[in-house]
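Each chain is listed here by its residues.
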Amino acid sequence: MTDGTLPLSANDGPGTVYLVGAGPGDPDLLTLRAHRLLQQCDALVYDSLVPTALLDLVPQDCERHFVGKRRGHHSVPQPSTNAVLRELAGRRRLIVRLKGGDPFLFGRGGEEAAHLAAHGIPVQVVPGVTAGIAAPAYAGIPVTHRRAGSSVTFVTGHEEIDKRRPGVDWRGLARSSDGLVIYMGLHNLRHIVAELIEGGLAPSTPAAVIQQGTVRGQRQLVATLEVLADRVEAEAFASPSIVVVGAVVEERVPSCAPSPADVAMPIPF
């Protein structure tokens, strides 16, 4: 690949946007391809779940744009992010859109890819390690296990993301999946738990919450479903957190859990 820091000339087509998964936070979980693109990019658009250690990988003259979204903080609207990516593609060769976790799992990567493609901008996705697998692993919890059922469902608990979509059928999930991994679920946790129990899950079903998975400040609790919301509130758990529900929680092996990385984030937890 030629020098990624050169601007486009008038005769060049648009630059290429790479939708890159940064992983769950621990920089050691970055993929080799993501690492290579960060070292080559001449424009970087990143969110609030990307550790600052990864930002240090980009060239010194790389143009940077922060477009983070976090509850309780100013958020950049998605149309504004789309506009930034289009504008950069008009004058840069290699643009990395760096997203926490995986771009295509609750990361709006599919929306951004479709938007860029519709405007004739080359775009490629670079998958990343998702927090729904990594955060439980850093607590020693496997999200699947032969003794704990044959299915797992990844689901968002943040039902305010898009009012046009129907709400999550938690009662249906209680009957149809052996295990649940819930992203962005703390805000609605009490409602989620009540619906799962109403849908048929036993109040004694094991569950876990992992806050700040894979990075400094990680902590977790394990409790039965019936007391989970009370424990979360009493111990002041906060986002970002992953919630795991199901018998897999009982298969945890704490001694296999890696140590969280000592890194900082653009918006402190």
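Structural data are supplied above this passage.
All of these numbers come straight from a predicted model, not from anything done at the bench.

**So, empty space enclosed by the protein**
- Under the criterion given, the structure shown has two cavities of 30 Å³ or more.
- Roughly 40 Å³ of internal volume is contained in the largest cavity.
- As for the largest cavity, its lining consists of Val143, Thr144, His145, Ala148, Gly149, Ser151, Val152, Asp178, Gly179 and Val248.
- Of the residues that constitute the lining of the largest cavity, the class distribution is four nonpolar, five polar and one charged.
- The calculated volume of the second largest cavity comes to roughly 30 Å³.
- As for the second largest cavity, its lining consists of Leu173, Ala174, Ser177, Asp178, Leu180, Leu201, Val245 and Gly246.
- Mapped by element, the contributors of at least two residues to the lining of the second largest cavity are α6 (170-176) and β10 (241-246).
- Residue classes in the lining of the second largest cavity are distributed as five nonpolar, two polar and one charged.

**Quick notes on the packing of aromatic side chains**
- On inspection of all chains with the given rule, the structure shows three aromatic pairs.
- Residues Phe154 and Tyr183 carry aromatic rings whose centres are separated by 6.4 Å and whose planes lie at 55° to one another, so their mutual orientation is tilted. Taken together, the residues Phe154 in strand β6 (residues 152-156) and Tyr183 in strand β7 (residues 179-183) connect sequence positions 29 residues apart.
- Over the ring of Phe237 we find Arg219; its NZ or CZ atom is 3.9 Å from the centre of that ring.

**Side note on the packing of helix α7 (residues 189-198) against helix α8 (residues 225-234)**
- At a minimum axis distance of 9 Å, the contact between α7 and α8 shows a crossing angle of 175°. Judged by the angle between their axes, α7 and α8 are roughly antiparallel. Facing α7, whose interface residues are Leu189, Arg190, Val193, Leu196 and Ile197, α8 presents Leu225, Glu226, Leu228, Ala229, Asp230, Val232 and Glu233.
- When the residues that make up the contact of α7 with α8 are grouped by side-chain class, the tally is eight nonpolar, no polar and four charged.

**Topic: the side chain of Ser177**
- With respect to the secondary-structure elements, Ser177 resides in the loop between α6 and β7.
- The buried category is assigned to Ser177, whose relative accessible area is 10%.
- Side-chain polar atoms of Ser177 contact the side chain of Thr153, separated by 2.8 Å.

**Some details on helix α4 (residues 109-118)**
- Within α4, burial applies to Gly109, Glu112, Ala113, His115 and Leu116. Projected down its long axis, α4 carries its buried residues within an arc of 165°, all on one side. Facing away from the buried side of α4 by more than 90 degrees, the exposed set consists of Ala117 and Ala118.
- Packed against the buried residues of α4 are β1 (16-21), α3 (78-89), β4 (94-99) and β5 (123-126).
- The positive-phi residue at the C-terminal boundary of α4 is Gly120, with phi of around 75°.

**Topic: the pattern of salt bridges**
- As enumerated under the stated definition, the model contains eleven salt bridges in all.
- Glu195 serves as the salt-bridge partner of Arg171, at 3.0 Å between the closest nitrogen and oxygen. Taken together, the residues span a long stretch of sequence, with Arg171 in helix α6 and Glu195 in helix α7 at a distance of 24 residues.
- One salt bridge connects Arg216 with Asp262, and the closest N-O pair in it is separated by 2.6 Å. Of this pair, Arg216 sits in the loop between β8 (206-211) and β9 (219-224) while Asp262 sits in the segment after β10, and the two are 46 residues apart along the sequence.
- Note on Asp262: relative accessible area 61%, which makes it exposed.
- Here the residues in one salt-bridge network are Glu63, Glu87, Arg91 and Arg92, joined through shared partners.

**So, the sheet that holds β8**
- Judged by pairing direction, the sheet is mixed, and its five strands sit side by side in the order β6-β7-β10-β8-β9 without closing on themselves. Either end of the sheet is taken by a strand with one partner, and the two such strands are β6 and β9. Between one strand axis and the next, the sheet turns through 15° on average, direction left out of account.
- Where β8 and β9 come together, six bridges link them in antiparallel fashion. Residue pairing in the sheet places Val209 in a bridge with Leu221 of β9.
- In the packing of α8 onto the sheet, contacts are made with β8, β9 and β10, and the angle to β9 comes to roughly 145°.

Calculation rules
Numbering of residues starts from 1 in each chain and follows the order in which that chain's sequence is written. Local features in a predicted model are, by the rule used here, given only for residues with pLDDT of at least 70; side-chain atom pairs are given and counted only at 80 or more, and totals for whole chains, interfaces and linings are based on all residues. Only hydrogens and water are removed before side-chain values are computed, so all heavy atoms of the structure are retained for them. The method works on a 1 Å grid over the protein atoms by themselves. A cavity is a set of points holding a 1.4 Å probe that cannot get out, a pocket is an open set with protein on both sides within 12 Å along at least five of seven lines, and residues with an atom within 4 Å of a point line them. Grid points are joined across faces, edges and corners, and a volume is the space filled by probe spheres set on the points. Put simply, Ala, Val, Leu, Ile, Met, Phe, Trp, Tyr, Cys and Pro go in the nonpolar bin, Asp, Glu, Lys and Arg in the charged bin, and everything else, Gly too, in the polar bin. Strands are runs of DSSP state E lasting at least two residues, helices are runs of H or I lasting at least four, and both sets are numbered from the N terminus onward. Each Phe, Tyr or Trp ring, with Trp reduced to its six-membered ring, pairs with another whose centre is within 6.5 Å; inter-plane angles below 30 degrees give stacked pairs, above 60 give edge-to-face pairs, and intermediate values give tilted ones. Counted as over-ring charges are cases with an Arg CZ or a Lys NZ within 6 Å of the ring centre that also lie within 35 degrees of the ring normal. Helix axes use the C-alpha atoms of the stretch in contact, all axes being lines fitted to C-alpha atoms, and the angles between their N-to-C directions lie in the range 0 to 180 degrees. Any angle from 65 to 115 degrees is called roughly perpendicular, while one under 35 is roughly parallel, one over 145 is roughly antiparallel, and all others are oblique. Residues count as neighbours in contact if any of their non-hydrogen atoms are within 4.5 Å of one another. Between buried and exposed lies partly exposed: a residue is buried under 20% and exposed over 50% of the maximum accessible area for its type, with that area taken using a 1.4 Å probe on protein chains only. Polar contact is defined as a pair of N or O atoms within 3.5 Å, subject to the rule that within protein one atom must be able to donate a hydrogen and the other to accept it, and that residues adjacent in sequence are counted only when both atoms are side-chain atoms. Think of it as the arc spanned by the lines of direction from the helix axis to the C-beta atoms. For this document, the term salt bridge refers to a Lys or Arg side-chain nitrogen within 4 Å of an Asp or Glu carboxyl oxygen. When DSSP finds two or more bridges between two strands, those strands count as paired.

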